[in-house]
Amino acid sequence: MNTLASLDRRLTVLADLVAQHPELPAPNVEICSVFTEQISMAFHESPGAFRQWLTALGVALHKVEGGAGATSAWLTALYEVDGITLKLTSYTRLDMAETGGAA
């Protein structure tokens, strides 16, 4: 069973990111009890914020993977900090006119 102490490394990484990059847009942050070596950061309808994070962390664009469904698209990048994987994901709704769907 995970305890609050198991969050310590991830919270430290998050606090260090805040100290190093206080100007970055705040993502939705998830610290899960299942994936104990990961912090998930989501950017909804904010691809510019996602790009700012990639630039600040020095993530190369060729490392970004993406996909699309019927109504949304996403981009994901993984970045490791002190043994903790940051999973950054940008979600964007697709305009039905652009996808050829009915209005």
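Residues numbered from 1 in each chain as written. Predicted model: local features only at pLDDT ≥ 70, side-chain atom pairs only at ≥ 80, totals over all residues. Heavy atoms only, no water.

(A) Fine view of the side chain of Gln38. Tracing the backbone through its elements, the reader meets Gln38 in strand β2 (residues 38-44). Polar contacts involving the side chain of Gln38 include one to the side chain of Ser40, which spans 3.1 Å. Those residues in contact with Gln38 that sit more than four places away from it in its chain are Arg10, Ile84, Thr85 and Lys87. (Helix = DSSP H or I, 4+ residues; strand = E, 2+ residues; numbered from the N terminus. Polar contact = N/O pair within 3.5 Å; in protein donor to acceptor, adjacent residues only side chain to side chain. Contact = heavy atoms within 4.5 Å.)

(B) Representation of the confidence of the model for the protein. Per-residue pLDDT for the protein averages 92, and the proportion of residues at 70 or more is 92%. Within the protein, the element-level pLDDT minimum falls on helix α3 (residues 96-99), averaging 55, and the maximum on β2, averaging 98. (pLDDT = per-residue confidence, 0-100.)

(C) Molecular detail of the packing of aromatic side chains. One pass over the structure, following the stated rule, counts two aromatic pairs. Plain terms: the ring middles of Phe43 and Trp53 are 6.2 Å apart, the flat faces sit at 55° to each other, and that makes the pair tilted. Residue Phe43 is found in strand β2, and its partner Trp53 is found in helix α2 (residues 47-57); the two are separated by 10 residues along the sequence. Each member of the pair, Phe43 together with Trp53, is buried. In textbook terms, an aromatic cluster arises when at least three aromatic residues are bridged by ring pairs, as seen for Phe43, Phe50 and Trp53. (Phe/Tyr/Trp six-rings, centres within 6.5 Å; stacked < 30°, edge-to-face > 60°. Buried < 20%, exposed > 50% of the residue type's maximum accessible area, 1.4 Å probe, protein only.)

(D) Examining α2 more closely. Taken together, the buried positions of α2 are occupied by Ala49, Phe50, Trp53, Leu54 and Leu57. Angular distribution of buried residues about the axis of α2 spans 140°; they occupy a single face of the element. Two residues or fewer past α2, Gly58 is found with a positive phi of approximately 75°. (Arc of directions from axis to C-beta.)

(E) Seen up close, the pairing of strand β5 (residues 84-93). Bridge analysis of β2 against β5 gives seven bridges, and the strand direction is parallel. Across the sheet, the residue bridging to Gln38 is Thr85, located in β5. Bridge analysis of strand β4 (residues 72-81) against β5 gives 10 bridges, and the strand direction is antiparallel. The partner of Ala77 across the bridge, within β5, is Leu88. (Pairing = 2+ DSSP bridges.)

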